[in-house]
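Listed here are the chains, written in short residue letters.
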Amino acid sequence: MLSGGRHQGILRTSKESIQKMTSANATRHANERKKLFVHIGMFKTGTTAIQYFLQENMERLYDQGVLYPKTGRHPHSPVQHGLIGEMFLPQPLSAGDFTLPGPIDRQSTLKALLDEIESSCASRIILSAEALCILPAEGVKEFGQGFTDFDIVPIVYFRNFADLADASYQTHVIHNITTKPFSEMGFEHWVDMDLVAMCRNWSAIAYDGRILVQDYDDPDERNSILTFARMTGLDMNRLGPPDREQRLNVSVSATLVAIKSELVRGGASVLEADRLLAQLQILPFAERQTMLPPALNRDLRQAYTKQLRLLAASEFVVGLDAVRLEREPEAPPEKIQISNLVDALFSIGRAVARMKSA
């Protein structure tokens, strides 16, 4: 809920949905502490796919005693609880179309959310917002104080810093959030990202003192939706198929990202650049591409591996395979660097040649 009268409509669970829970279920859950699963991201780890899946299955989830609340949704991204995440940040986010028109009224938003949960018969609640993964320690503590009547179960997905940088820059360029070149985005500072501190902060408010962690790069756990269902105890046989993940996680080649970035910085309109990209997307860019210089690619991957190994050895973390992480090579995979328009043109040339030889 935002102060100032905008976006104050609170959508509560419908009476029809509530009636789907039998009185026996309601009685059984009345004396139990509700379990609050808090999906805290990270960005670019299939989070949006999970959120769309939960949104599309809200009624089926409710039949399982699971509530995906309508209160606290972000007005510009209504499948996630962005308002809940942002209202515990020391300063509001500023990211293009996601910038809010005014401050969030934490007290009334939290009350509305608790009222929606109380009016439901669900024993499990799921909140999901990427903004939660950037909360400082004090913000996490305040979040926990807002939900003291619940058994909090934090869940987070991690992805290696190198691919995360690639994917983040791609999103910022393709969705017109920035025109800065990759070298000015500050990704080199990600080698100091402290995942251990983040998990320790969240484990401190968890009901059992632990946080559930999923490595997005784990080859045995490629489907974010299925891993999330397992961690939250959802019965996938009673839910719709998790087919949206593939549609949402389609990547654009670094060639196209570099072309759009340089064209827009050079004065071309976004519309012109996007029209060109739409035509170039038919090219078969077969090589693995990256925006990262080799040294930064190596440093980010090594920093990430070190963090995961520390987490796997931590008592407050559940879900990481320490044996697999010890076998994980620290050398980055071979990729072609696409850092400017010249590199992009060479990549296009290789793709055209491949089409002609096919």
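What counts and what doesn't
Starting from 1, residues in each chain are numbered consecutively following that chain's sequence as written. Local features in a predicted model are, by the rule used here, given only for residues with pLDDT of at least 70; side-chain atom pairs are given and counted only at 80 or more, and totals for whole chains, interfaces and linings are based on all residues. The side-chain numbers reported here are obtained from all heavy atoms of the structure, hydrogens and water having been left aside. What counts as a helix is a DSSP run of H or I of at least four residues, what counts as a strand is a run of E of at least two, and both are numbered from the N terminus. Only heavy atoms enter the contact rule, under which two residues are in contact if any of them lie within 4.5 Å. The protein chains shown are the only cover counted for residues, whose accessible areas, like all others here, come from Shrake-Rupley with a 1.4 Å probe. Centres within 6.5 Å are what make two rings of Phe, Tyr or Trp a pair, Trp counting through its six-membered ring; a difference in plane orientation under 30 degrees is then read as stacked, over 60 as edge-to-face, and the rest as tilted. In this scheme, a residue with accessible area under 20% of its type's maximum is buried, one over 50% is exposed, and one in between is partly exposed, where area comes from a 1.4 Å probe on protein chains only. Put simply, a salt bridge is a Lys or Arg side-chain nitrogen that is within 4 Å of an Asp or Glu carboxyl oxygen. Helices are assigned an expected span. That span is 1.5 Å times one less than the residue count. Throughout this description, a polar contact denotes any pair of N or O atoms lying within 3.5 Å of each other; where both atoms belong to protein, one of them has to be capable of donating a hydrogen while the other can accept it, and for residues adjacent in sequence the pair is counted only when both atoms sit in side chains. What makes two strands pair is DSSP finding at least two bridges between them. Axis lines are fitted through C-alpha atoms, for helices just across the contact stretch, and the angle between N-to-C directions can take any value from 0 to 180 degrees. For every residue, the predictor assigns a confidence score, pLDDT, that lies between 0 and 100. Geometric relationships in this document are graded by angle, where less than 35 degrees denotes roughly parallel, more than 145 denotes roughly antiparallel, 65 to 115 denotes roughly perpendicular, and other angles denote oblique. The handedness criterion is simple: a crossing whose near helix is rotated anticlockwise from the far helix by less than a right angle is left-handed, and one whose near helix is rotated clockwise is right-handed. Any residue that is not Ala, Val, Leu, Ile, Met, Phe, Trp, Tyr, Cys, Pro, Asp, Glu, Lys or Arg is counted as polar, Gly included; the first ten are nonpolar and the last four charged.

(A) Here's a closer look at the overall build of the protein chain. Across its full length, the protein chain holds 16 helices and 8 strands. Taking all contacts inside the protein chain whose residues are at least 6 apart in sequence as the whole, residues at least 24 apart take part in 78%. For the protein chain, the computed accessible surface area is about 17500 Å², with 52% contributed by carbon and sulfur atoms.

(B) Looking closely at unusual backbone geometry. Cis geometry is adopted by the peptide bond preceding Met42, which originates at Gly41 and carries an omega value of 5°. Tracing the sequence through the fold places Met42 in the loop between strand S1 (35-39) and helix H3 (47-56). A positive phi is found at Lys44, a non-glycine position, where the angle reads about 60°. Of note in this structure, Asn176 is not a glycine but carries a positive phi near 65°. Looking at where Asn176 falls in the secondary structure, it is placed in the loop between helix H8 (161-174) and helix H9 (195-203).

(C) Molecular detail of the packing of aromatic side chains. Considering all chains together, one arrives at 8 aromatic pairs under this definition. Considering the side-chain rings of Phe147 and Phe150, the 5.9 Å spacing of their centres and the 65° angle between planes classify their relative orientation as edge-to-face. For the residue pair Phe147 and Phe150, the accessibility class agrees, reading buried in each case. An aromatic cluster of at least three residues, connected via ring pairs, comprises Phe88, Phe143, Phe147, Phe150 and Trp202.

(D) Focus on the pattern of salt bridges. One pass over the full model with this rule turns up 13 salt bridges. Here Asp115 and Lys111 are joined by a salt bridge, their closest N and O atoms 2.9 Å apart. Placement of both Asp115 and Lys111 in helix H6 (residues 106-119) is noted, with a separation of 4 residues, approximately one turn of the helix. Residue classification places Asp115 among the partly exposed positions, given a relative accessible area of 29%. In this structure, the salt-bridge partner of Arg210 is Asp208, at a minimum N-O distance of 3.5 Å. Judged by its relative accessible area of 35%, Asp208 is partly exposed. Several salt bridges share partner residues, and in doing so they unite Asp163, Arg301 and Lys335 into one network.

(E) Just helix H16 (residues 341-357), in detail. The terminal C-alpha atoms of H16, which comprises 17 residues, lie 24 Å apart, in line with the 24 Å expected from a rise of 1.5 Å per residue. The N-cap of H16, judged by a side-chain oxygen 3.1 Å from the amide nitrogen of Val342 a few residues on, is Asn340.

(F) Summary view of the pairing of strand S3 (residues 124-128). Burial analysis of S3 places 5 of its 5 residues in the buried class, which makes it a mostly covered element. Strand direction decides the pairing type here: strand S2 (residues 66-67) and S3, joined by 2 bridges, are parallel. Note that in S3 the partner of Val66 across the bridge is Arg124.

(G) Local environment of the pairing of strand S5 (residues 211-215). Extensive coverage of S5 is indicated by the burial of 5 of its 5 residues. Burial along S5 is two-sided: Ile211, Val213 and Asp215 facing one way and Leu212 and Gln214 facing the other are all buried. Two strands pair when backbone bridges link them, and strand S4 (residues 151-158) and S5 are joined in this way by 4 bridges, in the parallel orientation. Within the sheet, the bridge partner assigned to Val156 lies in S5 and is Val213. When S5 meets strand S7 (residues 317-318), the two strands line up parallel, connected through 2 bridges. Residue Leu212 lies in a different strand from S7, and its bridge partner there is Val318.

(H) Quick peek at the sheet that holds S1. Reading across from one edge, S2-S3-S1-S4-S5-S7 is the order of the 6 strands in this open sheet, with parallel pairing throughout. Strand pairing shows two members of the sheet lacking a second neighbour, S2 and S7, which therefore form its edges. Sitting on the sheet, helix H14 (residues 294-312) is in contact with S4, S5 and S7, with an inclination near 150° to S4.

(I) Here's a closer look at the confidence of the model for the protein chain. Considering every residue of the protein chain, the mean pLDDT works out to 86; 85% of them sit at 70 or more. Within the model, pLDDT remains below 50 along residues 1-30, and this stretch shows 50 contacts once partners closer than five positions in the same chain are excluded.

(J) Region of the structure containing the environment of Tyr68. With respect to the helices and strands, the residue Tyr68 is situated in the loop between S2 and helix H5 (82-86). Of the residues examined, Tyr68 reaches a relative accessible area of 2% and is grouped as buried. Residues Tyr68 and Phe37 lie 31 residues apart in sequence; the distance between their C-alpha atoms is 10.0 Å. In this view, Tyr68 contacts Gln51, Leu54, Gln55, Met58, Leu61, Arg73, Val79, Gln80, His81, Ile126 and Ser128; residues no more than four positions away in its chain are not counted.

(K) Molecular detail of the packing of helix H12 (residues 254-265) against helix H13 (residues 270-280). Interhelical geometry of H12 versus H13 gives an angle of 160° and a closest axis separation of 9 Å. In terms of orientation, H12 lies roughly antiparallel with respect to H13. Crossing hand, H12 versus H13: right-handed. Facing H12, whose interface residues are Leu256, Ile259, Lys260, Leu263 and Val264, H13 presents Val270, Ala273, Asp274, Leu276, Leu277 and Leu280.

(L) Highlighting the packing of H8 against H12. Look at H8 against H12: their axes get within 10 Å of each other, and the N-to-C directions meet at 45°. Judged by the inter-axis angle, H8 sits oblique to H12. Seen from above, H8 lies across H12 with left-handed handedness. Note on element contacts: H12 touches H8 through Val257, Lys260, Ser261 and Arg265, opposite Tyr169, Gln170, Val173 and Ile174. Residues of the contact of H8 with H12, tallied by class, amount to 4 nonpolar, 2 polar and 2 charged.

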